[in-house]
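Chain by chain, the residues:
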Amino acid sequence: MADLVRLLSKLRVASGASSPCLLRCLSSSAASFQSENQIPSHPVHPLTFSPDLTGTDPKDRNVQWVFLGCPGVGKGTYASRLCSLLGVPHIATGDLVRDELSSSGDLSAQLKEIVNQGKLVSDEIILRLLSKRLEAGEAKGESGFILDGFPRTIKQAEILEGMIDIDLVVNLKLREDVLIEKCLGRRLCSQCKKSFNIASIDVKDENGNPAMSMAPLLPPENCMSKLITRPDDTEEVVRERLRIYNDKSQPVEDFYRSRGKLLEFDLPGGIPESWPKLLEALDLDDYEEKQSAATA
Ligand SMILES: [Zn+2]
């Protein structure tokens, strides 16, 4: 824990971002968001947060981090590993939407309508789901979180910044040629529905890029003949998905960069190569050992 506290105080100094004006209450930022966007045809209840969630000194709580990264980069994997290590919840907005849809929560009817019409879930709804999730977590005694896949837009980033103190934003990056090869290697077993990856990455160092190798994630023998490629995993679609992601994420990255909160991390390879380096970049490299020593 001491290491974490050290890390947090370091980040705090480095970012200089803990001014009290960031701790505006959620309801006021949500209100300004509404008036700017003219969304609600549904009545919107003011978003409220318990004050101790926003006002807590980072030294007295767990990390409040965001993970960014394009589709296929593996940010869910790294975020969830870090969450287990740090003992914080891994909050992915995709899961929040799915959970609400399968529940009888107050937003589920509205969500079903949106999804059935093939529309995008609005920032406002995503933020309400997120605030609901954070409040429920706090009631259970959770501290800290890693947000995965959120914020996606500059508007979401601005509102989030008014809601809660984000200590650090980790931007995971992978060479584009490798990323595309990896996305094109994705396969699904048509029988057991498990995902695999047949891409065996082995690129040499060129143009200042270091060499990189990533082992494939091959299926067991009996899945081999049942592998299918998802129809949207063509090179054209993958490139288009990346282009759209980059267009949207650039302003979000700039937003956090200008606040001194963005940590750019170039993945040096697969999980075995990347994980220790990521821990090092986060100043957690001796944290893992101490954790396992403490629980041994
Ligand atoms: Zn299978």
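The name an unreviewed UniProt entry gives the protein chain is adenylate kinase, with Trapa natans as the organism. Note on the protein chain: under the UniProt heading Sequence similarities (unreviewed entry), the record states "Belongs to the adenylate kinase family." Recorded in UniProt under Catalytic activity (unreviewed entry), the annotation for the protein chain is "AMP + ATP = 2 ADP".

Draft legend 1. Inspection of the packing of helix α5 (residues 93–101) against helix α7 (residues 123–139) at higher detail. Orientation of α5 relative to α7, taken along the N-to-C sense of each, is 85°, at an axis distance of 10 Å. Comparing their axes, α7 and α5 come out roughly perpendicular. Judged by residue contacts, Thr 93, Leu 96, Val 97 and Glu 100 of α5 engage Ile 126, Leu 129, Leu 130 and Arg 133 from α7. Residues of the contact of α5 with α7, tallied by class, amount to five nonpolar, one polar and two charged.

Draft legend 2. Broad picture of the nonpolar core. Membership of the largest hydrophobic core comes to 48 residues, with the highest contact counts inside it found for Phe 67, Ile 146, Val 169, Val 170 and Leu 172. In terms of residues, this core owes the most to one element, α7, which gives six residues. Excluding its chain neighbours within four sequence positions, the residues that come into contact with Val 170 are Trp 65, Phe 67, Leu 68, Leu 263 and Phe 265.

Draft legend 3. Molecular detail of the packing of helix α9 (residues 176–184) against helix α10 (residues 235–258). Relative orientation of the contacting elements α9 and α10 amounts to 130°, with a least axis distance of 10 Å. By the angle between their directions, the pair α9 and α10 is classed as oblique. Considering how the two elements wind past one another, α9 and α10 form a crossing that is right-handed. Touching Ile 180, Cys 183 and Leu 184 of α9 are Glu 235, Val 238 and Arg 239, all from α10.

Draft legend 4. Quick peek at the sheet that holds strand β9 (residues 227–228). Strand order in the open sheet made by the three strands is β6-β5-β9, with antiparallel pairing throughout. If you trace the sheet from one side to the other, it starts and ends with β6 (195–197) and β9, each paired once. In terms of strand pairing, strand β5 (residues 186–189) meets β6 through three bridges, oriented antiparallel. Bridging across to β6, Arg 187 finds its partner in Phe 196.

Draft legend 5. The pairing of strand β4 (residues 168–173), seen in detail. With five of six residues buried, β4 is to be regarded as a mostly interior element. Pairing between β4 and strand β10 (residues 262–266): five bridges, direction parallel. In the strand pairing of β10, Val 170 is matched with Leu 263.

Draft legend 6. Quick peek at α9. By the burial criterion, the buried members of α9 are Val 178, Leu 179, Glu 181, Lys 182 and Cys 183. Of the surrounding elements, those touching the buried residues of α9 are β5, β6, β7 (201–203), β8 (212–214) and α10.

Draft legend 7. A look at unusual backbone geometry. Residue Phe 150 is joined to Pro 151 through a cis peptide bond whose omega torsion reads 0°. Within the secondary structure layout, Pro 151 lies in the loop between β3 (145–148) and α8 (154–163). Within the chain, Lys 193 stands out as a residue other than glycine whose phi angle is a positive 65°. With respect to the helices, strands and loops of the structure, Lys 193 is situated in the loop between β5 and β6. Backbone geometry at Asp 283 places phi at a positive 60°, although glycine is not the residue there. Its location among the elements puts Asp 283 in the loop between α11 (271–281) and α12 (287–295).

Rules behind the numbers
- Residues numbered from 1 in each chain as written.
- Predicted model: local features only at pLDDT ≥ 70, side-chain atom pairs only at ≥ 80, totals over all residues.
- UniProt positions renumbered as here; feature names shortened; annotations may be inferred.
- Axes fitted to C-alpha atoms, helices over the stretch in contact; angles between N-to-C directions.
- Helix = DSSP H or I, 4+ residues; strand = E, 2+ residues; numbered from the N terminus.
- Parallel < 35°, antiparallel > 145°, perpendicular 65-115°, else oblique.
- Contact = placed C-beta atoms within 7 Å.
- Nonpolar A, V, L, I, M, F, W, Y, C, P; charged D, E, K, R; others polar.
- Core = buried A, V, L, I, M, F, W, Y, C linked by C-beta atoms within 7 Å.
- Buried ≥ 20, exposed ≤ 12 C-beta atoms within 10 Å, placed from the backbone.
- Left-handed = near helix turned anticlockwise from the far one by under 90°.
- Pairing = 2+ DSSP bridges.

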